[in-house]
Amino acid sequence: MHPFDPGDPHFLADPYPAFAALRALSPVHAHPLLGMPVAVSHAACSELLRSRNLGRIWVDAKPADDFPAFNLLHRNSLLEREGPAHDRLRTLVAGAFNRGHTARLEPWVRGLAHRLVGELAQRIAADGSADLMSGVAAALPVQVIAELLGVPEPERGALRGWSNAIVTMYEPDPGQQRRMAAEQAAADFVDALRGLVAHRRTHPGDDLVTDLVEADVDADELVGTAALLLMAGHEATVNVIGNGVLALLRHPAQWQRLLEDPGLDATAVEELIRYDPPLQLFERTAVVDTTVAGHPVPAGTKIAALLGAAARDPQAFDRPDELDVGRRRNPHLGFGAGVHYCLGAPLARLEVIAALDALRARLPGMQLASEPVRRPDFVMRGLRELRLAA
């Protein structure tokens, strides 16, 4: 027996009742299909994410000879490191972020969001409906990450496809075709970023890659850091916008609150991340024999935090199954916790706020034009299509 099937379309449509049933039984469950136990309570997930007895221990995709670029990106990623190696690289990346890139980008991000939503509104006016996912949710974050990194065209236009292909490897059973597509995308990304790093050594710019080059970050580490920003920053924000707008459309009273009070935008972003998290599962590996919520985790074995389950735990949130854009107490784990807390969280918040502000200005009467089309993925929870009408 297994607690749920991560490939079941009915489960993917609404996993939260299954999570609630698991939480009622115990905070941690074995999951044979995933090949590891899963933590389902907020307290257990928080303990898992913060424990120094658990880490991200990268194991190359196998056979390693078939995945040289994919493995290079992850072997050199900040997310896949622990201890002094993690602390050194995180300090360098945090220092680069702290040079004011979010503040520098804010006017540009807000302008881009209004332009994209304006174009979406024009398509709706002309055709009766248009897709938020392709027109805004996917287009905005990839342009922001490209601007942050200083990626030029034509590589800028390819970033979205590379990211989409690479992250499919995080699903429980992506299949051989998707695995090979992920490797090709990783190889193309590595080539493009190595070229950009070489260019920035002699032609510095006002971007994060230049900051990391000037901080003497190793070339492979710099490429791995850029890949992490692309995949985490792009994929998560795409799905926060898509999942969040769908939640608002299904709770029109909450959208009306945002129309009437833009001051709620900051709490609304946190609530949209909590209510339907874009990242549902995050793995850790025991570096020593340890426990999570009393569940034994022997050294070298994996355990996962089910962030979607933690987000609906009534022990951590009042009325957890309700959407409340004004929610004040909101200790969600959508940006992680502990030493791997997301460095790009301020930029992600800015992007979602900019999208909400643009929708409020250009499409205040937005409504669903058809039933949304969901991605057939569990770990990265999101939509393929969300058609809006005015």
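Whatever comes next refers back to the structure up there.
One structure accompanies this document, and this report is about it. (Residues numbered from 1 in each chain as written. Predicted model: local features only at pLDDT ≥ 70, side-chain atom pairs only at ≥ 80, totals over all residues. Heavy atoms only, no water.)

Considering the overall build of the chain
Part 1 of the reasoning: The helix and strand inventory of the chain stands at 16 helices and 12 strands.
Part 2 of the reasoning: For the chain, the C-alpha radius of gyration of 20 Å lies close to 21 Å, the compact-globule estimate for 390 residues.
Part 3 of the reasoning: The C-alpha extent of the chain, read off along each of the three principal axes, is 60 × 55 × 40 Å.
Part 4 of the reasoning: By residue count, 56% of the 390 residues in the chain fall in the buried class.
Part 5 of the reasoning: A sequence separation of at least 24 residues applies to 72% of the contacts in the chain between residues at least 6 apart.
Part 6 of the reasoning: Of the roughly 15,700 Å² of accessible surface on the chain, a fraction of 54% belongs to carbon and sulfur atoms.
Part 7 of the reasoning: One finds the centroid of the 39 positive side-chain charges in the chain at a distance of 3 Å from the centroid of its 49 negative side-chain charges. (Helix = DSSP H or I, 4+ residues; strand = E, 2+ residues; numbered from the N terminus. Rg over C-alpha atoms; globule rule 2.2 N^0.38 Å. Buried < 20%, exposed > 50% of the residue type's maximum accessible area, 1.4 Å probe, protein only. Contact = heavy atoms within 4.5 Å. Areas by Shrake-Rupley, 256 points an atom, 1.4 Å probe, with all protein chains shown as cover. Lys, Arg positive; Asp, Glu negative; His and termini not counted. Charge placed at Lys NZ, Arg CZ, Asp CG, Glu CD.)

Observations concerning empty space enclosed by the protein
Part 1 of the reasoning: According to the stated counting rule, one finds two cavities of 30 Å³ or more in the structure shown.
Part 2 of the reasoning: Roughly 50 Å³ of internal volume is contained in the largest cavity.
Part 3 of the reasoning: Elements with a contribution of two residues or more to the lining of the largest cavity: α14 (265-275) and α15 (307-310).
Part 4 of the reasoning: Here the lining of the largest cavity is built from residues that sort into six nonpolar, three polar and one charged.
Part 5 of the reasoning: Quantified by volume, the second largest cavity comes out at close to 40 Å³.
Part 6 of the reasoning: Taken together, Val 240, Ile 241, Gly 244, Val 245, Leu 272, Val 352, Ala 355, Leu 356 and Leu 359 form the lining of the second largest cavity.
Part 7 of the reasoning: Across the lining of the second largest cavity, the residue classes break down as eight nonpolar, one polar and no charged. (1 Å grid on protein atoms, 1.4 Å probe; cavity = no way out; pocket = protein on both sides within 12 Å on 5 of 7 lines; lining within 4 Å. Points joined across faces, edges and corners; volume = space filled by probe spheres on them. Nonpolar A, V, L, I, M, F, W, Y, C, P; charged D, E, K, R; others polar.)

Here's the deal with the pattern of salt bridges
Part 1 of the reasoning: Counted by the stated rule, this structure contains 30 salt bridges.
Part 2 of the reasoning: Across the pair Glu 283 and Lys 302 runs a salt bridge whose closest N-O atoms are separated by 3.0 Å. Note that Glu 283 is positioned in strand β5 (residues 281-286) and Lys 302 in strand β8 (residues 302-306), a separation of 19 residues in sequence.
Part 3 of the reasoning: Since its relative accessible area comes to 36%, Lys 302 is described here as partly exposed.
Part 4 of the reasoning: The network of salt bridges with common partners includes Arg 257, Asp 318, Arg 319, Glu 322 and Asp 324. (Salt bridge = Lys/Arg side-chain N within 4 Å of Asp/Glu carboxyl O.)

Notes on the layout of surface pockets
Part 1 of the reasoning: In this structure, the second largest pocket occupies an estimated 290 Å³ of space.
Part 2 of the reasoning: Ranked by the residues each element gives to the lining of the second largest pocket, the list is headed by helix α12 (residues 219-250), at four residues.
Part 3 of the reasoning: Within the lining of the second largest pocket, the residues separate by chemical class into five nonpolar, five polar and seven charged.

Considerations on the nonpolar core
Part 1 of the reasoning: Core analysis: the largest hydrophobic core is formed by 116 residues, its most contacted members being Leu 73, Leu 132 and Phe 189.
Part 2 of the reasoning: Looking at which element gives the most residues to this core, the answer is α12, with 16 residues.
Part 3 of the reasoning: Other than its neighbours up to four places away in sequence, Phe 189 contacts Leu 73, Leu 159, Trp 162, Val 223, Ala 226, Ala 227 and Leu 230. (Core = buried A, V, L, I, M, F, W, Y, C linked by side-chain atoms within 4.5 Å.)

Section: the sheet that holds strand β2 (residues 38-39)
Working definition: the strands of a sheet are paired by backbone hydrogen bonds and lie parallel or antiparallel to each other.
Part 1 of the reasoning: If you trace the five strands from one edge of the open sheet to the other, you get β1-β2-β8-β5-β3, paired in mixed fashion. Single-partner strands in this sheet number two, and they are β1 (28-29) and β3 (54-55).
Part 2 of the reasoning: The pairing of β5 with β8 spans five bridges and is classified as antiparallel. Directly across from Glu 283, in β8, lies its bridge partner Ala 304.
Part 3 of the reasoning: Sitting on the sheet, helix α3 (residues 42-50) touches β1, β2, β3, β5 and β8, and the angle it makes with β8 is about 130 degrees. (Pairing = 2+ DSSP bridges. Axes fitted to C-alpha atoms, helices over the stretch in contact; angles between N-to-C directions.)

A closer look at the pairing of β8
Part 1 of the reasoning: With respect to burial, β8 is a largely interior element, four of its five residues being buried.
Part 2 of the reasoning: Inspection of the sheet shows β2 paired to β8 by two bridges, in the parallel sense. Each bridged residue has a counterpart across the sheet, and for Ala 39 the counterpart in β8 is Ala 305.

As for a nonpolar patch on the surface
Part 1 of the reasoning: Residues Ile 57, Val 287 and Val 288 make up a contiguous nonpolar surface patch of roughly 220 Å² in combined accessible area.
Part 2 of the reasoning: Within the fold, Val 288 resides in the loop between β5 and β6 (290-292).
Part 3 of the reasoning: For Val 288, a relative accessible area of 39% translates into the label partly exposed. (Patch = residues over 30% accessible without salt bridge, like charges linked within 9 Å, V, L, I, M, F, W, Y side chains within 5 Å.)

Considering the packing of aromatic side chains
Part 1 of the reasoning: As enumerated under the stated definition, the model contains nine aromatic pairs in all.
Part 2 of the reasoning: Aromatic pair Phe 4 and Phe 19: ring centres 5.8 Å apart, planes at 75 degrees, arrangement edge-to-face. Residue Phe 4 is located in the segment before α1 (9-13), and its partner Phe 19 is located in helix α2 (residues 16-25); the two are separated by 15 residues in the primary sequence. Across the pair, exposure class does not vary: Phe 4 and Phe 19 are buried alike.
Part 3 of the reasoning: Both rings, one in Phe 11 and one in Phe 378, keep their centres 5.7 Å apart while their planes meet at 50 degrees; by these two values the pair is tilted. Remark: Phe 378 occurs in the loop between β10 (373-374) and β11 (383-385) and Phe 11 occurs in helix α1; sequence separation between them is 367 residues. The pair Phe 11 / Phe 378 is uniform in exposure class, with both members buried.
Part 4 of the reasoning: Among the aromatic residues, those joined into a cluster by ring pairs are Phe 4, Phe 11, Tyr 16, Phe 19 and Phe 378. (Phe/Tyr/Trp six-rings, centres within 6.5 Å; stacked < 30°, edge-to-face > 60°.)

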